[in-house]
Amino acid sequence: STPRRRRRVRMAHVHREVDGGGPPPSASPAGPPASARCAATHKEAAWDTAKLLAAGGVAGSFSKTCTAPLARLTILYQVRRSARKGAKEDEGSVLTFVAQVQGMHDTRMAKPRLHMGELLARIVREEGARALWKGNGVTIVHRFPYAAVNFFAYEKFTRMLTNHDEDFDGPPPGGYGLAGRRLLAGGAAGATACSVTYPLDLIRTRLAVQRGKGYYKGMAHAFGRILGDEGVRGLYRGLAATLVGVAPCIAINFATYETLRAKWMHAHPEFNAPTVGASLAAGSVAGMVSSTATFPLDLLRRRLQLEGAGGQKRRYNGYLHALRTLIQHEGFRGLYAGIVPEYVKVIPGVAISFYTYEMAKRMFNCEQGHIR
């Protein structure tokens, strides 16, 4: 029986020890039990994950804070042309939302030839310098988890898509052999981060276009009013258009940055990592390329996010209808309304984000991933 077998095993162990054979192999000092080692491994992995998420969150938050005034200018440029054209059509236009519901003093903000300097000066004159960072608090609330998930997901997706015998960070075979996988990993990471944090992005957009005494009093108030006015679906208004724009934008960002980084490292084997200038330059080029390719999608996303705000009537019946309406009333040039301030914002923003992420990983002593 089982008890007898156990007794025989114990007696055999005793006889071996008495005969000088030493303790049985199972009793030899072999370190902590397997369960303890497994728990320690999981704890270490969780800590590494937390540090990677923190590094991404810090990078995104710092970058957004540095470029917050330019981000607000971009949003105002994106909506002003729609406001100027839509005011001639109906009272439910974006102009009604911007100028009446959101507290804009008049419609001069929507005049066609308002330059960046004029717009900055007017905001400072009417609302003070702090107004340039209006909505930056909710921007950080959105950007920290967004950037954290974005960078972390990219690290994970690249590992999933990379074979064990390949070096994802090294020079790609044939120059650009890994570009496709970089694009795929970046797009998947961007879509994941965007879906998780989209309601915060929508609230941030609506707060950013407010001037004076706005319709929304803060993030919590905006959340409640959107739920009351538009329902749960209102928090995800424009998500489809956002995913269409964000996924390729993030994909191009990561692919361009890492391709340029790999080429620089291949040309300068004496360095273990890119210099500050090389990293910032690669990030700047990545931001410009991705912004140029996806800016029209971002503009449509902003327009759709403003639909129904303040209880106003909706103008667009969907993404394609918004695209047709924009081209009909503003022409193809309207697809790039605000591209200049977007460049001014994105070029330093993406560069700061990538470089800060690399610095934060080293500061937090993170496990080295694909972006170093």
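Residues numbered from 1 in each chain as written. Predicted model: local features only at pLDDT ≥ 70, side-chain atom pairs only at ≥ 80, totals over all residues. Heavy atoms only, no water.

**Q** Explain the overall build of the protein chain here, please?
**A** A count of helical and extended segments in the protein chain gives 12 helices and zero strands. Residue pairs at least 24 apart in sequence account for 77% of intrachain contacts in the protein chain once pairs closer than 6 positions are excluded. As displayed, the protein chain offers around 17,900 Å² of accessible surface, 62% of which is attributable to carbon and sulfur atoms. (Helix = DSSP H or I, 4+ residues; strand = E, 2+ residues; numbered from the N terminus. Contact = heavy atoms within 4.5 Å. Areas by Shrake-Rupley, 256 points an atom, 1.4 Å probe, with all protein chains shown as cover.)

**Q** Explain the confidence of the model for the protein chain to me, please; I cannot follow it from the model alone.
**A** Detailed conclusions should not be drawn from predicted coordinates in areas where pLDDT is low. For the protein chain, mean pLDDT is 75; residues scoring 70 or higher make up 70% of the total. This stretch, residues 170-176, has a pLDDT under 50; its non-local contacts, to residues over four places away or in other chains, come to 11 contacts. (pLDDT = per-residue confidence, 0-100.)

**Q** When you look at helix α12 (residues 339-363) in this model, what are you seeing that I'm missing?
**A** Since the α-helix packs 3.6 residues into each turn, any two residues three or four apart lie on the same face. End to end, α12 covers 35 Å across 25 residues, agreeing with the expected 36 Å (1.5 Å per residue, within 8%). Asn 365 sits one or two positions beyond α12 and adopts a positive phi of about 55°. (Expected span 1.5 Å × (residues − 1).)

**Q** Explain the packing of aromatic side chains here, please?
**A** Each aromatic ring pair is characterised by the separation of its centres together with the angle its planes make. Across all of its chains, the model carries nine aromatic pairs by this definition. Consider the rings of Tyr 198 and Tyr 236, whose centres lie 6.3 Å apart with planes at 20°: the pair is stacked. Taken as a pair, Tyr 198 in helix α7 (residues 179-208) and Tyr 236 in the loop between α8 (219-230) and α9 (239-267) lie far apart in primary sequence, 38 residues in all. Judged by relative accessible area, which is 37%, Tyr 236 ranks as partly exposed. Among the aromatic residues, those joined into a ring-pair cluster are Phe 151, Tyr 154, Phe 254, Tyr 257, Phe 354 and Tyr 357. (Phe/Tyr/Trp six-rings, centres within 6.5 Å; stacked < 30°, edge-to-face > 60°. Buried < 20%, exposed > 50% of the residue type's maximum accessible area, 1.4 Å probe, protein only.)

**Q** When you look at the pattern of salt bridges in this model, what are you seeing that I'm missing?
**A** Two side chains that carry opposite charge are able to pair once their charged atoms sit near each other. Scanning the entire structure with this criterion turns up seven salt bridges. For the salt bridge of Arg 237 with Glu 230, the shortest nitrogen-to-oxygen distance reads 3.1 Å. A relative accessible area of 15% means that Arg 237 is categorised as buried. Notably, a salt bridge pairs Glu 358 with Arg 261, separated by 3.7 Å at the nearest N-O pair. Of this pair, Glu 358 sits in helix α12 while Arg 261 sits in helix α9, and the two are 97 residues apart along the sequence. (Salt bridge = Lys/Arg side-chain N within 4 Å of Asp/Glu carboxyl O.)

**Q** How should I be thinking about the environment of Tyr 316 in this particular structure?
**A** Along the chain, Tyr 316 turns up in the loop between α10 (276-305) and α11 (319-330). Relative accessible area serves as the criterion here: at 3%, Tyr 316 is assigned to the buried category.

**Q** For this particular structure, what's the right way to read a nonpolar patch on the surface?
**A** A cluster of nonpolar residues, Phe 223, Leu 227, Val 232 and Tyr 236, forms a patch on the protein surface that exposes about 350 Å² of accessible area. Overall, Leu 227 belongs to the partly exposed group, its relative accessible area being 31%. (Patch = residues over 30% accessible without salt bridge, like charges linked within 9 Å, V, L, I, M, F, W, Y side chains within 5 Å.)

**Q** I tried to follow α11 on my own but got confused; where do I start?
**A** Here α11 spans 16 Å end to end across 12 residues, near enough to the 16 Å set by a 1.5 Å rise per residue. When we look at burial in α11, the residues that qualify are Ala 322, Thr 325, Leu 326 and Glu 330. The buried residues of α11 all sit within an arc of 100° when viewed along its axis, so they share a single face. Summarising the geometry of α11, the exposed residues directed more than 90 degrees from the buried face are Leu 320, Arg 324 and Gln 328. Of the residues one or two after α11, Gly 331 is the one with positive phi, at around 75°. (Arc of directions from axis to C-beta.)

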